[in-house]
Amino acid sequence: ALLFITVYKADGFYEFVEDHCVFNSTKLDDIEYIRSYYYNKLEYTRFSSSVGKYVGYTEYGVRNAEAWNKDTGNLAAMRAAKETYCLNNVGNDHEAAL
């Protein structure tokens, strides 16, 4: 799986975003793109290409998910990330592993 993390820190509080690709093969149908949003180690919102939209896990996350799911441009970009972000990188990792 590919993993990239962005961390923001202010006065001891951490917010970070994690992008990763879960895959069993290099076929696009076998790849899942996930972007998770965390605050102090608690995941509050997630986008999964399998679901096709944002899902909130806390009250704050639910509000974010509702707002972000209304942005059709952002949703289209997130849905396309499976192919644009994961597909090439998964192919590279798969070749390196072999």
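Residues numbered from 1 in each chain as written. Predicted model: local features only at pLDDT ≥ 70, side-chain atom pairs only at ≥ 80, totals over all residues. Heavy atoms only, no water.

Trainee: Describe unusual backbone geometry, with residues and values.
Mentor: For N40, which is not glycine, the phi dihedral falls at a positive 50°. Phi is positive for K41, which is not a glycine, with a value near 70°. Among the secondary structure elements, K41 is positioned in the loop between β3 (31–39) and β4 (42–48). (Helix = DSSP H or I, 4+ residues; strand = E, 2+ residues; numbered from the N terminus.)

Trainee: An account of the pairing of β4 is requested, with residue identities and associated values reported.
Mentor: With respect to burial, β4 is a largely interior element, five of its seven residues being buried. Judged from the six bridges that link them, β3 and β4 form a sheet pairing that is antiparallel. Each residue of the ladder has a partner; that of Y37, found in β4, is T45. In textbook terms, the turn of a hairpin is the stretch between consecutive antiparallel strands, and for β3 and β4 this stretch comprises two residues, one of which, N40, has a positive phi near 50°. Relative to strand β5 (residues 53–56), β4 runs antiparallel, the two being bridged by four bridges. Bridge pairing in β5 places S48 opposite K53. Where β4 folds back onto β5 in an antiparallel hairpin, the turn is made up of four residues, including G52, whose phi is positive at roughly 85°. (Buried < 20%, exposed > 50% of the residue type's maximum accessible area, 1.4 Å probe, protein only. Pairing = 2+ DSSP bridges.)

Trainee: So what's going on with the confidence of the model for the chain? Which residues, and what values?
Mentor: Taken residue by residue, the chain gives an average pLDDT of 85. The fraction at 70 or more is 80%. Ranking the elements of the chain by mean pLDDT puts strand β1 (residues 2–10) last with 57 and β5 first with 98. (pLDDT = per-residue confidence, 0-100.)

Trainee: Any chance you could break down the environment of Y14 for me, citing the residues and the numbers?
Mentor: Mapped onto the elements of the fold, Y14 is located in strand β2 (residues 13–23). As a C-alpha pair, Y14 and N40 span 26 residues in sequence and 5.0 Å in three-dimensional space.

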